[in-house]
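Next come the chains, spelled out residue by residue.
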Amino acid sequence: MQLITTIIDDKSPLISYDDTWLPGTSADDSYADQYYLGTFTKNNQTNGKATFSFNGTSLWIYGARRTNHGTYTVQVDSATYSNNNGYSATNEFMVSLFNVSGLTQGSHTVSLTNTGTGDLPYVDIDLIVWQSEVGDTDDELITETVQDTDPRFRYDDLAWNATPSDANFFNNGTGHYTETYQASATLTFTVWETVALFGSTGPLHGQYSVQLDAGQATTYNATTSLPFYGVTLFYADNLGTGQHQLTITNLPASSGQELAIDYALISSAK
């Protein structure tokens, strides 16, 4: 089997934060530019929790060790890892706060809970990295970029706009967005291994769901304090041989919230 490595930034909707987490910004932290892509998500409330699910064998959670950071607990499936400590007398950035390996290839759920108190209340998340086994050892993984304008993407024509005002921030200068409730777009593709969907997040974005083939739809939240582009909206691997269909649906909680699609990456082992 081949090992593939996937990276998502803290702003990806694949990470679910409870409402005690806050965005780290340069407006209130002079060290913000020391984080991956200049972004991080922070927590200073005891029992504040972030949750993430992935398909693979190994996982790394990156963040910072700082003078006001304290303890946190990580749970992987039913295993609990306590007594982790993010304190450092000198600030350290983009360091591994937690790593687990040797997991059985498959779906796993991870949560990080802040247990810091007193003068050391903080913990943050910068990015998450995981590895998954795909294909055979001798396979070559071929990856293709599918732009939002590719005919393999099908849109509810009246519900989607193909000329976003911020198109210059999108890959290849093109994107599709919708503000219509339950408007959907479908990507039909033939691969064996992986699919990743990218788009934007921001203050005007809301919830959306993704369904792969006949699987259960999963809901995510693309709301962030600032606009971000090229963000991973969905990822899956070990898809199996044949044609696949990915459907993404806008589920805004209020009028005006949008869903924006940029491009997809699909991979096959040959």
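Residues numbered from 1 in each chain as written. Predicted model: local features only at pLDDT ≥ 70, side-chain atom pairs only at ≥ 80, totals over all residues. Heavy atoms only, no water.

Draft legend 1. Spatial organisation of the sheet that holds strand S11 (residues 123-125). An order of S3-S4-S11 is seen for the 3 strands of this open sheet, with the pairing classed as antiparallel. Every other strand in the sheet has two partners, leaving strand S3 (21-24) and S11 as the edge strands with one partner each. Pairwise comparison of adjacent strand axes, ignoring direction, gives a mean angle of 35 degrees for this sheet. By the bridge criterion, 4 bridges tie S3 to strand S4 (residues 40-43) in an arrangement that is antiparallel. Counterpart to Trp21 in the pairing with S4 is Asn43. (Pairing = 2+ DSSP bridges. Helix = DSSP H or I, 4+ residues; strand = E, 2+ residues; numbered from the N terminus. Axes fitted to C-alpha atoms, helices over the stretch in contact; angles between N-to-C directions.)

Draft legend 2. Looking closely at the pairing of strand S6 (residues 58-65). For S6, the buried fraction is high: 6 of the 8 residues fall into the buried class. Where S6 lies against strand S12 (residues 127-134), 5 bridges are found, and the strand directions are antiparallel. Considered in S12, the bridge of Leu59 is made with Trp130. Sheet topology note: the S6/strand S9 (residues 92-100) ladder contains 6 bridges and is antiparallel. Across the sheet, residue Gly63 finds its bridge partner in S9, namely Val95. (Buried < 20%, exposed > 50% of the residue type's maximum accessible area, 1.4 Å probe, protein only.)

Draft legend 3. Representation of the pattern of salt bridges in the model. One pass over the full model with this rule turns up 5 salt bridges. Between Glu144 and Arg152 there is a salt bridge, with its nearest N and O atoms 2.6 Å apart. Among the charged side chains, a network of salt bridges with common partners joins Glu144, Asp150 and Arg152. (Salt bridge = Lys/Arg side-chain N within 4 Å of Asp/Glu carboxyl O.)

Draft legend 4. Structural context of the packing of aromatic side chains. Counted under the stated rule, the structure contains 15 aromatic pairs. Relative to Phe93, the ring of Tyr35 has its centre 5.2 Å away and its plane inclined at 75 degrees; by these criteria the two rings are edge-to-face. Here the residue Tyr35 occupies a position in the loop between S3 and S4, and Phe93 occupies one in strand S9, the gap between them amounting to 58 residues. Per residue, the accessibility class of Tyr35 equals that of Phe93, and both read buried. (Phe/Tyr/Trp six-rings, centres within 6.5 Å; stacked < 30°, edge-to-face > 60°.)

Draft legend 5. Here's a closer look at the sheet that holds S9. Spatial ordering of the open sheet is given by S1-S12-S6-S9, a layout of 4 strands whose pairing is antiparallel. Of all strands in the sheet, those with a lone pairing partner are strand S1 (2-9) and S9, marking the two edges. Strand-to-strand twist of the sheet, defined as the mean angle between neighbouring strand axes without regard to direction, takes the value 25 degrees. Where S1 meets S12, 8 bridges bridge the pair, whose relative direction is antiparallel. Among the inter-strand pairings, Thr5 is bridged to a residue of S12, identified as Gln131.

Draft legend 6. Main features of the side chain of Asp237. Its location among the elements puts Asp237 in the loop between strand S20 (228-236) and strand S21 (243-251). Within polar-contact distance, the side chain of Asp237 engages the side chain of Ser132 at 2.9 Å. Polar side-chain contacts of Asp237 include one of 3.1 Å to the side chain of Asn238. Here Asp237 is in contact with Ile4, Asn55, Gln105, Ser132, Val134, Glu193 and Thr194, once residues within four sequence places are set aside. (Polar contact = N/O pair within 3.5 Å; in protein donor to acceptor, adjacent residues only side chain to side chain. Contact = heavy atoms within 4.5 Å.)

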